[in-house]
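# Structural overview
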Amino acid sequence: MSRVALEGVTRKFGDVTAVDNLTLEIKDEEFLVLLGPSGCGKSTALRMIAGLEDPTEGTIQIGDRVVNDVEPKDRDIAMVFQSYALYPHMTVERNIEFPLKSRNVPKEDRAGQVLEAARMLDLEPFLKRKPAELSGGQRQRVALARAIVRRPQAFLMDEPLSNLDAKLRVQTRAELIELQRRLLATVIYVTHDQVEAMTMGHRIAIMEKGVLQQVGAPSDVYAKPANLFVARFIGNPPMNTVEGDLTDGGLRVHELTIPLPDAAAGAARQAGVRRAVLGIRPEHLSIGTDGLIAATVTVVEALGHERHVICRLEDDQMIIVRQPSSDPSPSEGETLRLSADPEHVHLFDATSGQRVDG
Amino acid sequence: MSTTDGVLAAGVPEFTTPAAATATIAAPKHRWGVFWRYLLLSVVALIVLFPIYMTVVNSLVETDEFSKKFFPTDPQWHTYSDAWTNGHVGNYLKNSFIVTFIIVIGQLITATLAAYAFAFLDFPFKRTLFIVFLATLMIPFEITIITNLQTVSESGWINDVFGVTLYDTYAGLAIPFLATGFGAFLLRQAFLGVPRDLQDAASLDGYGHLRFMARVVVPLARPTLAALAVFSFLSAWNQYLWPLLVTRDDRLRTVQIGLKQLRNTNLQDFNVTFAGAILAIIPLAVLLLVFQKQLVRGLTAGAVKG
């Protein structure tokens, strides 16, 4: 396996910049997830690594060589597509064998390699079937087998789980993680599903409008989002945010002044920020009688293991509180007082959206 | 019309369940519809088949009984062997087969290559070129026939003008029909149905355009290719004007010209000419029976997808 590095990679389609100056290094044996909403450029970035799109600017390196001018077939990478891209007229066996044939692997070796890949993904009973006779999950495994049979330097996966139903997705997710660990593979995995990103990746790279927003371990990205976009994109339910003016006493939102942790307030003052956005994750809000923020409960969503209490503030802004099911449930229409854990408050510059509290 | 609509239209009381209504009222109505449809189809079939039937009858009766009998009481089977040997129908059929084979293979190859380019490659003026391809469908062959004839005769492909080989003669018969705008259009539509991801996957798997076309696109478009093959076969087999113009040696003539020849040389034995005509349509009849589905697909593909 190998490292993959992108240096200042840009891809333009006419006037539209799909990927803008992307610099990113994927380490050897790393599982990196490219995460972002649809149209953020993550798939284009992946296709450029594969060689299916040419970068307008920048260099792409796989292993030790720059591959900008190398044909896709010579880049020694394998890709798993969202649609699986299995050849419908070929049996599972021939699908898996297909990449070996083009590389002139001797016939006797091919059979062994196909069998090994099939065994690894429990596909042995289906070798003589055609893709149409398989379930979605089985097709997905055939696509994976076709990718691993070549033992490439890196695997590229473009939303490979999004065509599976929810239950199968959870199962396949675990299988993919296990496979990556077993093969010690370098994987670049594109998804718009943050749960996949959080659970699968060693690191997550979040993109928006072609620009890389933040790269980091899932827990770091969750705990310290670099900007407002990441803060709102990562986490379900999303982070609560309120905008206000920075004053000596804290953040002033309408009539209310929310005190800020000293470090955050100091950093904001040093950066010259006047208008800021305060963010707090739903699990860091608590319901009590002495809280600073008054809110009215509009909906209570009971999920079994936890509860989401959706409230409206006096200015009609929505705010979500996550609480364990063991806590007493508020009733709809009830007026509550909410308090925020100052340790977990995030502060962003309202103009640039960047995090100001380090 | 749905079952419920049918029930309401027939004024069935409300307490009748839709299933019961279908069984008691809608079904006979449906059966009459089928009856009339089949009656109409049978009448049309009779009208279409009658001349063919009379050709069979006339090929088996004595010349003086020609068109007087609707059933041969004393079938003259020798007319068929006469047509085959003395009338050279066997030889004409062989020529037709060779020329048709060359045309069908030629059209399949050129149409596949052109359709692949239009479906999978990006190049300047692609759209304009495709429209030009389509425009060729509007030009009747008769308009270009003089130019084609000149091209072919100057190339030395007509026999006995320059005394060239037999192969060249077949080439002369086939050459104007080796490319087909219709075929390129038909196959392009089919190729566009091949998911783009397959092309990407194949290019990562190490397959260039030609190998991707041969290993993935062509096998996936096999039904459409079969339809095109049947269609090409029919039009090549039924050609008359061009073979008449580019062949002068009777040994190289195709069956349609051969039949005309047969009539000229067998003025007394009209039944032999009829036998020849029947022999000439046998390959087509077999083809139609075997490839009915593909032919219908070929004829409707443009209408449905275009």
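Keep in mind it's a predicted model, so treat the numbers as computed, not measured. (Residues numbered from 1 in each chain as written. Chains lettered and ligands numbered in written order. Predicted model: local features only at pLDDT ≥ 70, side-chain atom pairs only at ≥ 80, totals over all residues. Heavy atoms only, no water.)

Interface size is commonly expressed as the accessible area that is lost once the parts come together. Facing the 15 residues of chain B at the interface are 22 residues of chain A. When chain B packs against chain A, the two sides together hide about 1600 Å² of surface, and 62% of this comes from carbon and sulfur. When the area that chain B buries against chain A is broken down by residue, the three leading residues are B:Asp197, B:Leu204 and B:Asp205, summing to 38%. If you look at where chain B meets chain A, you find 3 salt bridges. On inspection of chain B and its partner chain A, the count reaches 11 residue pairs in polar contact (both at pLDDT 80 or more). Those elements that provide at least two residues to the side of chain B that touches chain A are helix H9 (196-205) and helix H10 (209-220) of chain B. When residues in the side of chain B that touches chain A are grouped by element, the largest group, 8 residues, is from H9(B). The residue inventory of the side of chain B that touches chain A, partitioned by class, reads 8 nonpolar, 2 polar and 5 charged. (Contact = heavy atoms within 4.5 Å. Buried area = accessible area lost by both parts, 1.4 Å probe. Salt bridge = Lys/Arg side-chain N within 4 Å of Asp/Glu carboxyl O. Polar contact = N/O pair within 3.5 Å; in protein donor to acceptor, adjacent residues only side chain to side chain. Helix = DSSP H or I, 4+ residues; strand = E, 2+ residues; numbered from the N terminus. Nonpolar A, V, L, I, M, F, W, Y, C, P; charged D, E, K, R; others polar.)

Let us now look at unusual backbone geometry. All names here are of chain A. For the bond from Asn236 to Pro237, the omega torsion is 0°, close enough to zero to count as cis. Mapped onto the elements, Pro237 comes out in the loop between helix H8 (228-233) and strand S11 (240-247). A positive phi angle is found at Glu29, which is not glycine, with a value near 70°. Following the sequence through the fold, Glu29 ends up in the loop between strand S2 (16-26) and strand S3 (31-35). Located in the positive-phi region is Lys209, a residue other than glycine, with phi close to 50°. Relative to the assigned elements, Lys209 resides in the loop between strand S9 (203-208) and strand S10 (211-216). Since its relative accessible area comes to 65%, Lys209 is described here as exposed. (Buried < 20%, exposed > 50% of the residue type's maximum accessible area, 1.4 Å probe, protein only.)

All names here are of chain A. With antiparallel pairing, 5 strands are arranged side by side in an open sheet as S13-S12-S11-S14-S20. Whereas interior strands pair on both sides, the edge strands pair on one side only; in this sheet they are strand S13 (256-258) and strand S20 (346-349). In this sheet, adjacent strand axes meet at a mean angle of 40° when their direction is disregarded. Two strands pair when backbone bridges link them, and strand S12 (residues 250-253) and S13 are joined in this way by 3 bridges, in the antiparallel orientation. Among the inter-strand pairings, Arg252 is bridged to a residue of S13, identified as Thr257. (Pairing = 2+ DSSP bridges. Axes fitted to C-alpha atoms, helices over the stretch in contact; angles between N-to-C directions.)

Further remarks concern helix H8 (residues 181-192) of chain B. An α-helical turn contains 3.6 residues, so a residue and the one three or four places further along point in the same direction. Residue and element names in this part refer to chain B. Its 12 residues place the ends of H8 16 Å apart at the C-alpha level, agreeing with the 16 Å of an ideal helix rising 1.5 Å per residue. With 10 of its 12 residues buried, H8 lies for the most part within the structure. Within the span of H8, buried status applies to Gly181, Gly183, Ala184, Phe185, Leu186, Leu187, Arg188, Gln189, Ala190 and Phe191. (Expected span 1.5 Å × (residues − 1).)

Let's shift gears to the domain arrangement of chain B. All names here are of chain B. You can read the domains of chain B as domain 1 (3-59) and domain 2 (89-301). Listed as interface residues are 5 residues of domain 1 and, on the opposing side, 6 residues of domain 2. The contact between domain 1 and domain 2 buries some 430 Å² in all, and 82% of this surface belongs to carbon and sulfur atoms. Linking domain 1 to domain 2 there are 0 salt bridges. Counting across the interface, domain 1 meets domain 2 through 0 residue pairs in polar contact (both at pLDDT 80 or more). In terms of residue class, the side of domain 1 that touches domain 2 is made up of 2 nonpolar, 3 polar and no charged. (Domains from an automatic or database assignment.)

Moving on, we get to the pattern of salt bridges. Tallying each qualifying case throughout the model produces 19 salt bridges over all chains. Measuring nitrogen to oxygen at the nearest pair gives 3.9 Å for the salt bridge that ties B:Asp205 to A:Arg146. You can see B:Asp205 sitting in helix H9 and its partner A:Arg146 sitting in helix H4 (residues 136-148), one on each of two chains. Across the pair, A:Arg146 and B:Asp205 agree in class, each one buried. Between A:Glu243 and A:Arg275 there is a salt bridge, with the nearest N and O atoms lying 2.8 Å from each other. With A:Glu243 in strand S11 and A:Arg275 in strand S14 (residues 275-280), the pair connects residues that are 32 residues apart, well separated along the chain. Accessibility expressed as a relative area gives 36% for A:Arg275, which makes it partly exposed.

Of all hydrophobic cores here, the largest spans 79 residues; its most connected members are A:Leu34, A:Ile188 and B:Phe191. When residues of this core are assigned to their parent elements, the largest contribution, 10 residues, is made by helix H4 (residues 89-120) of chain B. Among all residues touching A:Ile188, those that are not within four sequence positions of it are A:Val4, A:Ile26, A:Leu32, A:Leu34, A:Leu46, A:Ile49, A:Phe155, A:Leu156 and A:Met157. Within the second largest apolar cluster, 44 residues are counted, among which are A:Ala78, A:Leu127, A:Leu176 and A:Ile234. (Core = buried A, V, L, I, M, F, W, Y, C linked by side-chain atoms within 4.5 Å.)

Residues and elements named next belong to chain B. Taken N-terminus to C-terminus, the directions of H10 and helix H11 (residues 222-237) make an angle of 70°; their axes are 5 Å apart at the nearest point. With respect to their mutual orientation, H10 and H11 come out roughly perpendicular. Residue-level inspection shows Val218, Pro219 and Leu220 of H10 in contact with H11, the latter providing Arg222, Pro223 and Leu225. Here the contact of H10 with H11 is composed, by residue class, of 5 nonpolar, no polar and 1 charged. (Parallel < 35°, antiparallel > 145°, perpendicular 65-115°, else oblique.)

Our focus in this paragraph is the environment of A:Leu168. Its place among the elements puts A:Leu168 in helix H5 (residues 166-183). Note on A:Leu168: relative accessible area 25%, which makes it partly exposed.

All names here are of chain A. With mixed pairing, 6 strands are arranged side by side in an open sheet as S6-S7-S8-S3-S9-S10. Of all strands in the sheet, those bounded by a partner on one side alone are strand S6 (77-80) and S10. Taken pair by pair, the neighbouring strands of this sheet meet at an average axis angle of 20°, ignoring direction. In this sheet, strand S8 (residues 187-191) lies alongside S3 in parallel orientation, the contact comprising 5 bridges. Within S8, the position partnered with Leu34 by the bridge is Val190.

Residue and element names in this part refer to chain A. Within the element layout of this structure, Arg355 appears in the segment after S20. Engagement of the side chain of Arg355 in a polar contact is seen with the backbone oxygen of Pro225, the distance being 3.0 Å. Apart from the residues lying within four places of it in its own chain, the contact partners of Arg355 are Ala223, Lys224, Pro225, Ala226, Asn227, His346, Leu347 and Phe348.

Below, the discussion takes up the packing of aromatic side chains. Residue and element names in this part refer to chain B. A complete count under the given rule lists 24 aromatic pairs over all chains for this structure. Relative to Phe133, the ring of Phe118 lies with its centre 5.1 Å away and its plane at 80°, an arrangement referred to as edge-to-face. Highlighted residues: Phe118 in helix H4 and Phe133 in helix H5 (residues 126-135), separated in sequence by 15 residues. When its relative accessible area of 27% is taken as the criterion, Phe133 is described as partly exposed. Ring centres 6.3 Å apart and planes at 35° place the aromatic pair Phe130 and Phe185 in the tilted group. Here Phe130, found in helix H5, pairs with Phe185, found in helix H8; they are 55 residues apart in sequence, far enough to count as distant. The rings of Phe118, Phe123, Phe130, Phe133 and Phe185 are connected pair by pair, giving a single aromatic cluster. Cation over ring: Arg188 sits above Phe130, and NZ or CZ is 4.1 Å from the ring centre. (Phe/Tyr/Trp six-rings, centres within 6.5 Å; stacked < 30°, edge-to-face > 60°. Lys NZ or Arg CZ within 6 Å of the ring centre and 35° of its normal.)

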